[in-house]
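# A look at the structure
Listed here are the chains, written in short residue letters.
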Amino acid sequence: MFGLRTRLMLAFLLVAAVSAGTTAALTYREARNAVLQTAQDTAVTSFRDHVQQTAFALPVRGGEDMEAVLRDIARKGKPHPWVVFAEYGSVRASSGENPVSTVITPELRRAARANPHGSFERVVKDGVPYLTIAMPTVFKTGPDSLLPSGLVLYAVMRMTDEQVNVDALLIAARDGALPGLAVALIPGLIAARSVLRPVRKLSQAARNMGSGRLDTRIPVRGRDELADLARTFNESAGQLEHSVRELREAEERARRFASDVSHELRTPLAGMLAVTEVLDEDADHLDPDTARAVRLVSAETGKLAVLVEDLMEISRFDARAAELNLDEVDVAEAIRKTVHHRHWTDGRVRTDLPDGIRARLDPRRFDIVVANLVGNALRHGSAPVTVHLRTEARSPGPPVLITEVRDSGPGIRPASLPHIFDRFYKADAARTRSAGSGLGLAITRENVKLHGGTIRAGNLSEGGAVFTVEIPLHAEEAVG
């Protein structure tokens, strides 16, 4: 599609072309009619006068006398020479070489017999324009009565000079219209520029707001529709800036509250964890009800400690305070350490880890990624859980490190897949149990994004869920 500038120019030129064409056409028509009317009136009046002033002996007989009369009338032709023809019954005579004209039409002959005052007609024959005039001779039998004598004279006059003038008028009208269109480009460009300048400013202001500069405003000039649009934009931008400022302040307060609460809870939780560890050790020596209550308190205290740590980690990401400490690591060995430290060596977790794959990663954050995915699979899926490691070349771009964690559970409901990485989201209906803080997968995604990678969740065709982590492989793969 054409741009707004082009459409404005085309519309302006169309209006200019229609105006110039209409003006040229009307001017040409009036000038043409004036030229032809002048020549026509002069010829008809002159021919009528000469016919009325010439006496004819009746009945008319052809011969040199009649031709001489006709030549005499023809010599007096105005504004151009005539060829005069006479018709009386079967008698035919002319001032020229041929006694009968091929230009005179039957319609003109019928009009001459019907109108005693004469008739005329413009005819084009073989590309040459003619004016043909029919003038019957009459006897005046009374003040208002005329009696046709039966003799009709015809004058045939070429109108080539008038046609030349008419053609010149047409060329002048055309040549005058074309420069007018060219001149119309200048005000068209000026008008398009005056219209498009505010539109461009509005577009630039919208881009600035889209990039986060909510204090962008447009200068308002005049009182036209574009000025109203600029004022409306400024009012909308002001309201949006105010709303966004309030949202940001509320979000900042919420983040600060979560961070402060999490930080304040760490100290008492540390003491509570120490106490619950002692109580756990002595639970076997307590009565069954007390032992069950002690173990419940201990388990819930542990969950609360995990939730506090997760909240603090999320608050770091929200505050963009999370740092990436990269190191070149053996990825397979890093995954084995994660499995070993979580005591997942009882056959519930299987690994497919080719040796020799090295990459630049943050060891602590990559450990969190693997631990959260495997722990989530064990809690919400079914054992065995498989961790698969491989690399894949990409074009364009560097090769990527791909880590897949698969479980043997029922899989993830399709309705839950779009929300699986949302904070505090738990797909309880799709899992066998609901446990954890609901922040583990959100923290996992943030850690993967911090590495410049992506994570996605899906279901295997044979059953079970699969989480795929792709991280750019910044170090060359080593084969050991």
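Definitions and cut-offs
- Residues numbered from 1 in each chain as written.
- Predicted model: local features only at pLDDT ≥ 70, side-chain atom pairs only at ≥ 80, totals over all residues.
- Heavy atoms only, no water.
- Pairing = 2+ DSSP bridges.
- Helix = DSSP H or I, 4+ residues; strand = E, 2+ residues; numbered from the N terminus.
- Axes fitted to C-alpha atoms, helices over the stretch in contact; angles between N-to-C directions.
- Contact = heavy atoms within 4.5 Å.
- Polar contact = N/O pair within 3.5 Å; in protein donor to acceptor, adjacent residues only side chain to side chain.
- Left-handed = near helix turned anticlockwise from the far one by under 90°.
- Patch = residues over 30% accessible without salt bridge, like charges linked within 9 Å, V, L, I, M, F, W, Y side chains within 5 Å.
- Areas by Shrake-Rupley, 256 points an atom, 1.4 Å probe, with all protein chains shown as cover.
- Salt bridge = Lys/Arg side-chain N within 4 Å of Asp/Glu carboxyl O.
- Lys, Arg positive; Asp, Glu negative; His and termini not counted.
- Charge placed at Lys NZ, Arg CZ, Asp CG, Glu CD.
- Buried < 20%, exposed > 50% of the residue type's maximum accessible area, 1.4 Å probe, protein only.
- pLDDT = per-residue confidence, 0-100.

## Remarks on the sheet that holds strand β7 (residues 349–352)
Reading across the sheet, the 5 strands line up as β7-β9-β10-β12-β11 and stay open at both edges, with mixed pairing between neighbours. The sheet is open, and its two edges are formed by β7 and β11 (454–459), each paired on a single side. Sheet twist, expressed as the average angle between the axes of neighbouring strands with direction ignored, equals 15 degrees. Across 7 bridges, the pairing between strand β10 (residues 400–406) and strand β12 (residues 465–472) is antiparallel. Each bridged residue has a counterpart across the sheet, and for Val405 the counterpart in β12 is Phe467. Relative to β12, helix α8 (residues 363–380) is tilted by about 170 degrees, and along the sheet it contacts β7, β9 (385–392), β10, β11 and β12. Helix α9 (residues 440–450) contacts β11 and β12 of the sheet and is inclined by roughly 135 degrees relative to β11.

## Some words on the side chain of Arg109
You can see Arg109 is positioned in helix α3 (residues 106–114). A polar atom in the side chain of Arg109 sits 3.0 Å from the side chain of Glu87. The contact partners of Arg109, leaving out residues within four places of it in the chain, are Glu87, Val100, Ser101, Ile104 and Tyr154.

## With respect to the sheet that holds strand β2 (residues 91–94)
In spatial order, the strands read β2-β1-β5-β4-β3; together these 5 strands make up an open sheet with antiparallel pairing. The open sheet is flanked by β2 and β3 (119–125), the only strands paired with a single partner. In this sheet, adjacent strand axes meet at a mean angle of 20 degrees when their direction is disregarded. Here helix α2 (residues 64–75) sits on the sheet in contact with β1 (83–88), β2 and β5 (146–158), set at roughly 140 degrees to β1.

## Description of the pairing of β9
Here β7 pairs with β9 via 4 bridges, running parallel. Along β9, the bridge assignment pairs Asp352 with His388.

## Focus on the packing of helix α6 (residues 288–318) against α9
Following both chains from N to C, one finds α6 and α9 inclined at 35 degrees, their axes separated by 10 Å at the closest point. Considering how the two elements wind past one another, α6 and α9 form a crossing that is left-handed. Contacts between α6 and α9 involve Asp310, Glu313, Ile314 and Phe317 on the former and, on the latter, Ala442, Ile443, Glu446, Asn447 and Leu450.

## Description of a positive patch on the surface
Judged by side-chain charge, Arg193, Arg197, Arg200, Lys201 and Arg221 come together as a positively charged surface patch. On the secondary structure map, Arg221 appears in the loop between α4 (160–210) and α5 (225–282).

## Considering unusual backbone geometry
The phi angle of most residues is negative, glycine excepted, and most peptide bonds adopt the trans form. With an omega of -5 degrees, the peptide bond between Lys78 and Pro79 qualifies as cis. Inspection of the secondary structure puts Pro79 in the loop between α2 and β1. Residue Pro384 is reached from Ala383 by a cis peptide bond, and omega for that bond is 0 degrees. Relative to the helices and strands, Pro384 is located in the loop between α8 and β9.

## Some thoughts on the pattern of salt bridges
Scanning the model with the defined rule gives 21 salt bridges in all. A salt bridge links Glu241 to Arg217, with the nearest nitrogen and oxygen atoms 2.8 Å apart. With a gap of 24 residues between them, Glu241 in helix α5 and Arg217 in the loop between α4 and α5 connect regions that are remote in the sequence. For Arg217, a relative accessible area of 35% gives the class partly exposed.

## Some remarks on the confidence of the model for the chain
Taken as a whole, the chain shows an average pLDDT of 81; of its residues, 88% reach a score of 70 or greater. Low confidence marks residues 429–434, where pLDDT is under 50. Its contacts with residues over four positions away, or in another chain, come to 21 contacts.

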